[in-house]
Amino acid sequence: MNSRYLRCLGREVHFMDWGDPTNPEVVVAWHGLARTGRDMDELAQQLAPRFRVLCPDTIGRGLSQWSPNPRDEYCLDFYAELATALLDQLGVAQCLWVGTSMGGAIGLVAAAGPLQGRIRRLVLNDVGPELAEPALARIRTYAGLPPAFATITELESYFRQIYAPYGWLSDAQWRRLTETSARRLPDGRVTPHYDPAMVEQFVHHPQDYERWMEWDRLSLPVLALRGVDSDLLTPEVFEAMRARGPRAVGVVVEGCGHAPALNTPEQLGLIERFLIAH
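Residues numbered from 1 in each chain as written. Predicted model: local features only at pLDDT ≥ 70, side-chain atom pairs only at ≥ 80, totals over all residues. Heavy atoms only, no water.

Peer 1: Help me get a handle on the overall build of the protein, residues and values and all.
Peer 2: Helix and strand counts for the protein come out as 11 helices and 10 strands. In terms of overall size, the protein behaves like a compact globule, its C-alpha atoms giving a radius of gyration of 17 Å where 278 residues would be expected to give roughly 19 Å. In terms of principal-axis extent, the alpha carbons of the protein reach across some 50 × 40 × 40 Å. Counting every position in the protein, which comprises 278 residues, the buried fraction comes to 60%. Intrachain contacts of the protein at a sequence separation of at least 6 include 75% that bridge at least 24 residues. Looking at the protein as shown, the accessible area adds up to about 11200 Å², and 52% of this sits on carbon and sulfur atoms. Both charge centroids of the protein, one from 27 positive and one from 34 negative side chains, sit 2 Å from each other. (Helix = DSSP H or I, 4+ residues; strand = E, 2+ residues; numbered from the N terminus. Rg over C-alpha atoms; globule rule 2.2 N^0.38 Å. Buried < 20%, exposed > 50% of the residue type's maximum accessible area, 1.4 Å probe, protein only. Contact = heavy atoms within 4.5 Å. Areas by Shrake-Rupley, 256 points an atom, 1.4 Å probe, with all protein chains shown as cover. Lys, Arg positive; Asp, Glu negative; His and termini not counted. Charge placed at Lys NZ, Arg CZ, Asp CG, Glu CD.)

Put into C-alpha cells, the structure is as follows:
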C-alpha cells in the first residue's frame, strides 16, 4: 500500500492506494462520517490481489486538508465532485464503490450524478436514501463536540465505547483504529482526527441525506448491508431499497449495529463475491 496526496478542487486529499497501480479494475472504499480511510484496511487487503483499491480520507478527516469553507464544502454533493476529481486525476475510467455510512451516501449521490455510468457496482454499508432522525441526532451530538484525553489509551477506551455497534474488532484493530484517527491538540491532549466543523453539514444541508430521487435513478447492481441492530438504517427503509429503484440485494449482518466494521471473513467474502459477479 502507498500513502498518497492529490490536489482536487483546490483541496489536498489523502488516500491509501492498495494493489497494482496499473490495474484497471478499481475499487473505491470510502469511510463514514467521522472516520478515515484506514478503516478500510481489512477490505483493501482482501481485495488488493484482484483490484486496485483506493481508500480516501474525506476533506476534514484524517490526513486530508480541512476545508476553509465548511458551509459549502462539507456536504455530499461536494464530496461526490471531489471523488470525481480524484478519479479523473488518477485516470480511472470506471470503478466499483464500497461505502460505509456517509461513504455509501457519497457513492449513491455520485452514481446518480457526476459518476453516473462510471460506478459499475455499489455496496452500501448500513446507509440508504433515508436515515432515522434519532440516530442522526446521536451522531451530531458526539461528532460535533469531540472530547480530548491526556493519553492514547483513554482515547481508545472512548472509541471502544462509541463504536461498539461496529461489532467485533480485535485488540490490534482497536489500537490501529485509534492510532490512525488521533491528533494532538496544542495543550498536548489527543482528540479524534477530524474537523468538528464537518457537522455543519447537518445545519446548512439539513436534507442532505434524503436521496430517494437519486436512488430511483440508479440502474446499477447494489448490495445493501444492514447491521441487525442499526438505529440509522431502519428495517422499513431497508425493505424499500429492495423493492424500488435498483432493487438492492439486501443482507442483514448479525452481531452489529451501525455500522458493520467490514473486518470479518464473512463480511469481506460477501463484498468480494458481489464485486466480482457479472
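Having put the structure on the table, let's press on.
Peer 1: Kindly report on helix α3 (residues 76-90), identifying the contributing residues and their values.
Peer 2: Taking 1.5 Å per residue as the helical rise, α3 with its 15 residues ought to reach 21 Å, and the 21 Å between its terminal C-alpha atoms agrees with that figure. Summarising burial for α3: 11 of the 15 residues are buried, a large majority. Phi for G91, located one or two positions after α3, is positive at around 70°. (Expected span 1.5 Å × (residues − 1).)

Peer 1: So what about the layout of surface pockets? Which residues, and what values?
Peer 2: Considered as a void within the structure, the largest pocket measures approximately 150 Å³ in volume. Around the largest pocket, the lining residues are E130, L131, E133, L136, R140, F202, P206, Q207, D208, Y209 and E210. It is helix α5 (residues 133-144) that provides the largest number of residues to the lining of the largest pocket, a total of three residues. Classifying every residue of the lining of the largest pocket gives five nonpolar, one polar and five charged. (1 Å grid on protein atoms, 1.4 Å probe; cavity = no way out; pocket = protein on both sides within 12 Å on 5 of 7 lines; lining within 4 Å. Points joined across faces, edges and corners; volume = space filled by probe spheres on them. Nonpolar A, V, L, I, M, F, W, Y, C, P; charged D, E, K, R; others polar.)

Peer 1: I'd like to hear about the UniProt feature "domain: AB hydrolase-1" (unreviewed entry) in the protein, residue by residue, with values.
Peer 2: According to UniProt, the "domain: AB hydrolase-1" (unreviewed entry) feature falls on residues 27-267. Between the first and last C-alpha atoms of residues 27-267 the distance is 16 Å; the span itself is 38% helix and 16% strand. (UniProt positions renumbered as here; feature names shortened; annotations may be inferred.)

Peer 1: Describe the pattern of salt bridges, listing the residues and the values that go with them.
Peer 2: Summed over the entire model, instances satisfying the criterion amount to 20 salt bridges. A salt bridge links E73 to R11, with the nearest nitrogen and oxygen atoms 2.9 Å apart. Placement of the pair is E73 in helix α2 (residues 70-73) and R11 in strand β2 (residues 11-18), with a sequence separation of 62 residues. Note on R11: relative accessible area 15%, which makes it buried. Of the charged contacts in the structure, one is a salt bridge between D39 and R35, with a shortest N-O distance of 2.7 Å. Across this residue pair, the class does not change: D39 and R35 are buried. What you see here is one network of salt bridges that share partners, running through R38, D41, E42 and R176. (Salt bridge = Lys/Arg side-chain N within 4 Å of Asp/Glu carboxyl O.)

Peer 1: Which residues make up the environment of D17, and what values do they have?
Peer 2: With respect to the helices and strands, D17 occurs in strand β2. The exposure class assigned to D17 is buried, which follows from its relative accessible area of 3%. In this structure, the C-alpha to C-alpha distance between D17 and M1, residues 16 residues apart in sequence, is 5.5 Å. In this structure, D17 is in contact with M1, N2, R4, R52, V53 and L54, ignoring residues within four places of it in sequence.

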